[in-house]
Amino acid sequence: FNIRPIQDSDVPFLWEMLYQAIYTQAGKEPPPRDILNKPEIAGYVSGWGRKGDRGFIALNHDGQPIGAVWIRLFDEANQAYGYVDDKTPELSMAVLPGYRGRGVGDALLGRMLREARAKGYPAVSLSVDPDNPAVSLYNRHGFVEGGKRGTSLVMKTKEL
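Let me sum up the structure you'll find in this document. Since we're looking at a predicted model, the values are computed, not measured.

1. Some remarks on the packing of aromatic side chains
According to the stated counting rule, one finds 2 aromatic pairs in the structure shown. Their ring planes at 70° and their centres at 5.5 Å tell us that Y44 and F74 sit as a pair that is edge-to-face. Taken together, the residues Y44 in the loop between α2 (39–42) and β2 (54–59) and F74 in the loop between β3 (65–72) and β4 (90–95) connect sequence positions 30 residues apart. With respect to class, Y44 is no different from F74; both count as buried. Directly above the aromatic system of F74 lies the positively charged group of R50, at a separation of 5.4 Å from the ring centroid.

As structure tokens, then:
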């Protein structure tokens, strides 16, 4: 697979990745797609391209998108689930089910963290269900638990 920066034409795929990022335990029904209309979820993609928005898309050998990772800044008045502060971008990522477990998420996350470091961010945060297998991926990349918000863990890199 290849990795490239997100382009404006990738926004529909970001919406799909946002849906895929919503963890569903094995054997359970995923939420209806209209969950993406909730403001607290839509905020991860809605209006993509604002200052501070950065991300990458993984493409398979046919050039089809298979995964994405992105960061976005939020503020006190418009917090997302993994909000820490106004200077720490929140990370979102997902890989299409058929490509999980092949190193795509690892490569995307590493690339995004290098980009965040290059842009001078002090850290990156995220929100994740504690049962999501991705928690171990985040731990390997230096994220530590920083509390809970609802049923989700808020994780943050120690430093970049």
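2. Looking at the pattern of salt bridges
Taken as a whole, this structure holds 5 salt bridges when the rule is applied. For R33, the salt bridge identified is with E16, shortest N-O distance 2.8 Å. A residue pair is termed long-range when its members are at least 10 positions apart, and R33 in the loop between α1 (11–20) and α2 and E16 in helix α1 qualify at 17 residues. Assessed through its relative accessible area of 22%, E16 is described here as partly exposed. D53 is the partner of R50 in a salt bridge, and the nearest nitrogen-oxygen pair spans 3.9 Å. Bridged by salt links that share partners, the residues R50, D53 and R72 form one connected network.

3. Topic: the environment of I66
Here I66 lies in strand β3. Taking the C-alpha atoms as reference points, I66 and F13, 53 residues apart in sequence, are found 9.1 Å from one another. Not counting residues within four places of it along the chain, the set of residues in contact with I66 comprises F1, F13, A58, L59, N60, V95, L96, Y99 and V104.

What counts as what
- Residues numbered from 1 in each chain as written.
- Predicted model: local features only at pLDDT ≥ 70, side-chain atom pairs only at ≥ 80, totals over all residues.
- Heavy atoms only, no water.
- Phe/Tyr/Trp six-rings, centres within 6.5 Å; stacked < 30°, edge-to-face > 60°.
- Helix = DSSP H or I, 4+ residues; strand = E, 2+ residues; numbered from the N terminus.
- Buried < 20%, exposed > 50% of the residue type's maximum accessible area, 1.4 Å probe, protein only.
- Lys NZ or Arg CZ within 6 Å of the ring centre and 35° of its normal.
- Salt bridge = Lys/Arg side-chain N within 4 Å of Asp/Glu carboxyl O.
- Contact = heavy atoms within 4.5 Å.

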